Amino acid sequence: MAPVNEPTTTPEAADVASDPPAAPPSVTEIPYGTAQAAWLVILTPLSVLAFVLSIVALVVAANNEGGGSTVVAPAAGSPGATEVTVGLHEFAFDPDVVAVAADTDVAVTLDNTGAVQHTWAVLRAGADPADESRVTEDMILTELGPVDPGASVAGTVNLPAGTYKVICTIPGHFDAGMSGELVVG
Ligand SMILES: [Cu+2]
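Just so you know, these numbers come straight off a predicted model, no measurement behind them.

Caption draft 1: Structural context of the pairing of strand β1 (residues 83–89). In this sheet, strand β4 (residues 106–112) lies alongside β1 in parallel orientation, the contact comprising six bridges. Within β4, the residue paired with V86 across the bridge is L110. Across three bridges, the pairing between β1 and strand β2 (residues 92–94) is antiparallel. Within the sheet, the bridge partner assigned to H89 lies in β2 and is A92. Linking β1 to β2, which pair antiparallel, is a turn of two residues.

Caption draft 2: Seen up close, unusual backbone geometry. Going from E90 to F91, the amide bond is cis rather than trans, its omega being -15°. With an omega of 5°, the peptide bond running from G145 to P146 counts as cis. One non-glycine residue, D103, lies in positive phi territory at about 50°. Of note, D103 is situated in the loop between β3 (97–100) and β4.

Caption draft 3: Expanded view of the pattern of salt bridges. Within the structure shown, the criterion is met by three salt bridges. A salt bridge links D138 to R124; its shortest N-O distance comes to 3.6 Å. Placement of D138 in the loop between β5 (118–123) and β6 (140–147) and of R124 in the loop between β5 and β6 is noted, with a sequence separation of 14 residues between them. With relative accessibility at 35%, the residue R124 sits in the partly exposed group. Across the salt bridge formed by K165 and D128, the nearest N and O atoms sit 2.8 Å from each other.

Parameters at a glance
- Residues numbered from 1 in each chain as written.
- Predicted model: local features only at pLDDT ≥ 70, side-chain atom pairs only at ≥ 80, totals over all residues.
- Heavy atoms only, no water.
- Pairing = 2+ DSSP bridges.
- Helix = DSSP H or I, 4+ residues; strand = E, 2+ residues; numbered from the N terminus.
- Salt bridge = Lys/Arg side-chain N within 4 Å of Asp/Glu carboxyl O.
- Buried < 20%, exposed > 50% of the residue type's maximum accessible area, 1.4 Å probe, protein only.

As structure tokens, this is what we get:
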């Protein structure tokens, strides 16, 4: 017992011994650090993955939204539709392609969800002006509106089968992209 105690109680030995014990705290911190690092190794990729997935979801949602109003919009209603609703906003029709029945009264409702007035003017078959400066009065078969912001206007069209260009006649709007198609058949 004595030989064992003697070295540890020696001041010199105690100093030597007290130095290593001072180190263990930092040694015992390493397991904690590695444990935290291990959690970080697991959680960081998961949070990065979650972040990436949420970005992907946002991009997909944004693309779907854009596709619904501007890109290849599905025709509203069907070839035999006798009523259709079209949204108006800066600067597009929603949807921009609308299908309705031919040679019959078709009820058209325009909902202006934008902040300024808009119209919905159907041009005669074959009329396809490249820009607003080429639009003439005789091109316009029928026109609904102007529709005030937040308001709705109802009207009726009765047209023979064909594909008609639709534009907003408020100055600047057609040139800003506010045009669509009315497919009658
Ligand atoms: Cu407009």
